[in-house]
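Overview (structure and organization)
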Amino acid sequence: MIEFHAVSKRYPGGKEALRGVSFRLGHGEMAFLTGHSGAGKSTLLKLIACLERPTSGQVLVDGLNVGRLPRRRIPQLRRRIGVVFQDHRLLHDRTVFENVALPLHVAGHRGPEVGRRVRAALDQVGLLGKERAYPVTLSGGEQQRVGIARAVVNRPPLLLADEPTGNLDPELSREIMALFARFNQVGVTVLIATHDIALVEAMGRRRLVLREGRLVEGAAEAA
Amino acid sequence: MAARGERAAGAAPAGRPRRPRLRAWLAEHRDAAAGSLRRLAREPLSSLMTLAVIGIALALPAGLHVLLANAQAVTGGWRGEARISLFLERGVDPARARALRRELAARPGVRAVELVTPEQALAEFRRLSGFGDALDALGENPLPATLVVTPAASDPEALVALAARLRALPEVEAAQLDLEWVRRLHAILALARRGVAVVAALLAAAVLLVVGNTIRLEIQNRREEIVVTKLIGGTDGFIRRPFLYSGLWHGLLGAALAWVLVEGALALLAGPAARLAELYASAWRPAGLGAGASLALLAGGAALGLAGAWLAVARHLREIEPA
């Protein structure tokens with residue numbers, strides 16, 4: 001699903017975020033991306049969603065060379081990737097329903113199908129009763145689950161999460177991780193960046209460890 | 001305009017028939033148009049102020065256009081004032097002069113012909129000039145018979161052509177066309193038309209900038225929404241559309257307001273104008289914008305709004321990228 005071939009990323013300031021990173025994540029796999037802050041976790045995720053382009057090397061997502069993707073084709077890539085953020089990135093002037101429906105509207109879906117799929121996604125994250133609520137009225141954990149519902153509503157084959165439990169207490173964090181594991185069980189490829197080592201070890205999944213932009217652990221598995 | 005973005009959006013999966021795809025495309029436009037209108041209504045006061053600026057800017061050239069059209073209608077009614085004086089040869093006897101008057105009166109392009117005999121001309125000259133004693137000293141009437149022609153046409157070219165044809169008649173010694181005031185009037189009207197065009201162009205640019213600035217602010221206010229939409233795979237066309245519709249609504253509603261302002265001002269002027277026309281014994285009444293000009297005003301406003309939004313969108317939407 002995801003292939004990195006000797007990928008380096010240098011930012012305009014000269015900072016080298018990733019150096020010669022190579023790994024492969026198969027279809028239906030679930031892995032954690034760990035490392036200290038500044039180790040390059042976010043950059044790696046951004047390269048997959050084409051939010052940044054690699055300075056050198058190749059990034060392939062589902063066989064697509066993301067680094068060379070023309071601008072106008074980026075939306076099609078992003079519709080196949082669900083992204084969950086630490087700060088949720090919900091729109092606060094819209095209800096939970098409207099937030100979750102946004103990816104469907106963007107992809108051109110209309111009518112009763114939208115309502116059905118939004119409710120299915122909200123049901124999966126346990127927020128079926130909250131569709132008319134505004135995000136500010138929800139707790140941090142609930143907001144994050146709305147973010148997850150939005151990421152999966154379009155049934156993307158790949159789910160990325162950047163510190164999805166960063167602001168949550170351990171119990172809520174476990175719940176969120178269990179949610180990701182459930183999506184993985186139905187075939188979604190999942191890659192989660194986190195620095196919560198205890199949680200990662202409890203999950204017992206593959207680990208990709210970054211240190212100062214280099215992949216120091218987890219590159220070989222399943223490759 | 002957003003057609004390319006639409007296609008790239010690939011609203012329907014490949015292989016789906018065309019019609020549902022067209023329906024989806026129309027539905028997206030309807031949603032964007034309605035959403036922009038709702039957004040406009042959500043902050044009525046600030047929307048109204050922006051619309052008022054656009055409305056006043058559009059009302060000025062529209063109002064000047066109406067004034068000019070009315071001025072042209074009024075001066076069109078004065079065409080009878082243009083005269084061509086034909087001084088006949090001395091040898092033409094009065095009977096022939098009367099016959100010529102009838103002939104000319106029957107010509108196309110001629111509204112009326114009046115014969116002034118040498119005796120009448122002399123009497124008038126004596127009365128008006130005060131040189132009566134000098135004329136007595138001449139002993140013989142030096143003035144020729146004159147045919148005063150009132151042309152049907154009013155534009156200078158037609159008058160000149162008519163005068164030239166009349167001058168070529170064998171009985172006519174000289175033809176004098178009093179064209180100066182006609183020329184001046186036409187020059188004034190041409191100047192006024194050019195002035196209105198200049199004012200209209202400047203105010204159109206102002207509307208473009210007002211709408212552009214309004215849309216720029218709207219883009220800034222909705223920055224987070226744009227970022228999120230880009231993150232989840234919204235095409236440029238999808239993101240652009242509500243802003244373009246917002247510009248279109250601003251232009252269209254501003255033009256509608258301008259229409260109300262112009263027609264309202266005309267309604268206020270109608271009474272006094274009618275009284276003035278009565279004093280001149282004229283049947284003229286001030287005309288409004290009319291269907292054609294009203295339609296042009298609305299279409300022009302909408303086009304300016306759309307263009308202003310397009311400028312803002314082209315400049316600012318690309319700068320906003322998720323990071």
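Residues numbered from 1 in each chain as written. Chains lettered and ligands numbered in written order. Predicted model: local features only at pLDDT ≥ 70, side-chain atom pairs only at ≥ 80, totals over all residues. Heavy atoms only, no water.

A few points about the interface of chain B and chain A
Contacts between the two partners involve 28 residues from chain B, matched on the other side by 21 residues from chain A. Between chain B and chain A, a total of about 2200 Å² is buried, with carbon and sulfur atoms accounting for 52% of that surface. The three residues of chain B that bury the most area against chain A are Leu 231, Ile 232 and Ala 323 of chain B, which together make up 26% of that side's buried surface. Salt-bridge contacts for Glu 225 of chain B lead to Arg 94 of chain A; the nearest nitrogen and oxygen are separated by 2.4 Å. Take the side of chain B that touches chain A: its biggest share by element is seven residues, from helix H9 (residues 223–231) of chain B. Its residues placed into classes, the side of chain B that touches chain A shows twelve nonpolar, five polar and eleven charged. (Contact = heavy atoms within 4.5 Å. Buried area = accessible area lost by both parts, 1.4 Å probe. Salt bridge = Lys/Arg side-chain N within 4 Å of Asp/Glu carboxyl O. Helix = DSSP H or I, 4+ residues; strand = E, 2+ residues; numbered from the N terminus. Nonpolar A, V, L, I, M, F, W, Y, C, P; charged D, E, K, R; others polar.)

Remarks on the sheet that holds strand E2 (residues 16–25) of chain A
All names here are of chain A. Spatial ordering of the open sheet is given by E2-E1-E4-E5, a layout of four strands whose pairing is antiparallel. In this open sheet, the two strands that pair with only one neighbour each are E2 and strand E5 (64–65). Strand direction decides the pairing type here: strand E4 (residues 56–61) and E5, joined by two bridges, are antiparallel. Along E5, the bridge assignment pairs Val 61 with Leu 64. Docked against the sheet, helix H1 (residues 41–48) engages strand E1 (2–10), E2 and E4, running at close to 120° with respect to E1. (Pairing = 2+ DSSP bridges. Axes fitted to C-alpha atoms, helices over the stretch in contact; angles between N-to-C directions.)

Some points on the domain arrangement of chain B
When cut into domains, chain B gives domain 1 (24–76 + 185–316) and domain 2 (83–178). One C-alpha centre belongs to domain 1 of chain B, the other to domain 2 of chain B; they are set 54 Å apart. (Domains from an automatic or database assignment.)

Describing the sheet that holds strand E2 (residues 110–116) of chain B
Sheet strands associate in pairs through backbone hydrogen bonding, adopting either a parallel or an antiparallel arrangement. Residue and element names in this part refer to chain B. The sheet built from four strands is open, its strands ordered E2-E3-E1-E4 with antiparallel pairing. Edge positions in the open sheet fall to E2 and strand E4 (172–177), since each of these has one partner strand only. Across this sheet, the average inter-strand angle for adjacent strands is 20°, counted without regard to direction. In the sheet, strand E1 (residues 84–88) pairs with strand E3 (residues 146–151) via four bridges, with the strands oriented antiparallel. Residue pairing for E3: Ile 84 is matched across the bridge by Val 149. With respect to the sheet, helix H7 (residues 156–167) is in contact with E1, E2, E3 and E4, its orientation differing from that of E4 by roughly 170°.

Description of the environment of Leu 104 of chain B
Residue and element names in this part refer to chain B. Among the secondary structure elements, Leu 104 is positioned in helix H4 (residues 94–105). The class of Leu 104 is buried, set by a relative accessible area of 2%. Remark: the alpha-carbon pair of Leu 104 and Leu 40, spanning 64 residues in sequence, is separated by 67 Å. Not counting chain neighbours up to four residues away, the residues in contact with Leu 104 comprise Leu 86, Val 110, Val 113, Leu 147, Val 149, Leu 166 and Leu 169. (Buried < 20%, exposed > 50% of the residue type's maximum accessible area, 1.4 Å probe, protein only.)

Brief notes about the nonpolar core
Residues Ile 2, Phe 4, Phe 23, Leu 44, Ile 48 and Leu 191 of chain A are the most contacted members of the largest nonpolar core, which totals 63 residues. In terms of residue count, the dominant contributor to this core is helix H10 (residues 236–279) of chain B (seven residues). With residues near it in sequence (within four places) discarded, Leu 44 of chain A still touches Phe 4, Leu 18, Val 21, Phe 23, Leu 33, Leu 191 and Leu 210 of chain A. The next biggest cluster of nonpolar side chains, apart from the first, holds 37 residues, and it includes Met 30, Leu 104, Ala 121 and Ala 133 of chain A. (Core = buried A, V, L, I, M, F, W, Y, C linked by side-chain atoms within 4.5 Å.)

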